[in-house]
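Per-entry structural report
Here is what each chain is made of, one letter per residue.
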Amino acid sequence: AENGEAPNEFAIIAVKPKAKAKSSGARKKLLENMGEKTIEQAMEEQKALKAKAESIIRDAEALDREQAALVAQAQAAYDQAQSEVEAMMKKEQEAARAYSETMKTKGESQKQVEDATKRLLEARKKVAMLEVYAVNQRKMRELEEKRKAATAAAEAAKRNLVEQRQREKEALEATRRALEEARQKAKEAKGAGRA
């Protein structure tokens with residue numbers, strides 16, 4: 001077929017193995033694709049295609065490296081953001097704990113204030129009771145002093161009355177004696193006038 005001779009059926013089967021037939025078919029196809037180009041032109045074209053493919057591969061590898069760098073930067077940014085979020089969450093938890101402690105302390109303080117207020121009210125009640133007691137004691141002392149003064153005045157009046165009666169009695173007794181003496185003298189004077 002290559003020489004332009006007609007192919008012999010027996011020759012094809014006997015001479016050409018199947019592998020060569022494939023190779024020959026690929027060669028034929030290659031020659032058809034080359035068209036009217038020379039082998040040198042086809043090789044140049046293939047070298048240009050190879051160079052273009054290598055350039056595309058290099059560009060793709062560079063793009064891959066850039067993308068890998070961007071991915072690495074994005075991963076670093078993500079890691080940093082994640083650590084910042086974790087730090088913020090930790091701060092938030094600490095703030096929540098502090099708030100809880102503050103509220104607990106506030107509750108305890110409020111209870112202490114309530115207890116202190118109750119104690120203050122109790123103390124005020126006691127002070128009021130002691131003031132009432134003191135006023136009552138003072139009134140009792142005043143009443144006792146007035147009673148003693150009244151008793152002393154009554155005893156003094158009684159003594160004065162007793163003394164006055166005693167004086168009246170003594171005066172009456174003195175008057176009686178004086179009268180008796182005057183009667184005696186009058187009797188004696190009468191009796192001496194008769195004699």
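Every value quoted in this text rests on a predicted model; they were computed, and no experiment measured them.

Rules and cut-offs
- Residues numbered from 1 in each chain as written.
- Predicted model: local features only at pLDDT ≥ 70, side-chain atom pairs only at ≥ 80, totals over all residues.
- Heavy atoms only, no water.
- Helix = DSSP H or I, 4+ residues; strand = E, 2+ residues; numbered from the N terminus.
- Buried < 20%, exposed > 50% of the residue type's maximum accessible area, 1.4 Å probe, protein only.
- Areas by Shrake-Rupley, 256 points an atom, 1.4 Å probe, with all protein chains shown as cover.
- Salt bridge = Lys/Arg side-chain N within 4 Å of Asp/Glu carboxyl O.

Each helix and strand in the protein was counted, giving three helices and zero strands. When the helices and strands of the protein are read in sequence order from the N terminus, they spell out α-α-α. Taking all 195 residues of the protein together, 1% fall into the buried category. Of the roughly 18,300 Å² of accessible surface on the protein, 58% is carried by carbon and sulfur atoms.

All right, on to the pattern of salt bridges then. Side chains that differ in sign of charge can pair as their charged atoms come close. Per the stated rule, a full pass over the model turns up four salt bridges. Between aspartate 115 and lysine 111 there is a salt bridge, and its shortest N-O distance comes to 3.5 Å. Highlighted residues: aspartate 115 and lysine 111, both in helix α3 (residues 39–194), separated by four residues, approximately one helical turn. The residue glutamate 173 makes a salt bridge to arginine 176 at a minimum N-O spacing of 3.2 Å. Of this pair, glutamate 173 and arginine 176 both sit in helix α3, separated by three residues, roughly a single helical turn. Exposure remark for glutamate 173: the relative accessible area of 31% places this residue in the partly exposed category.

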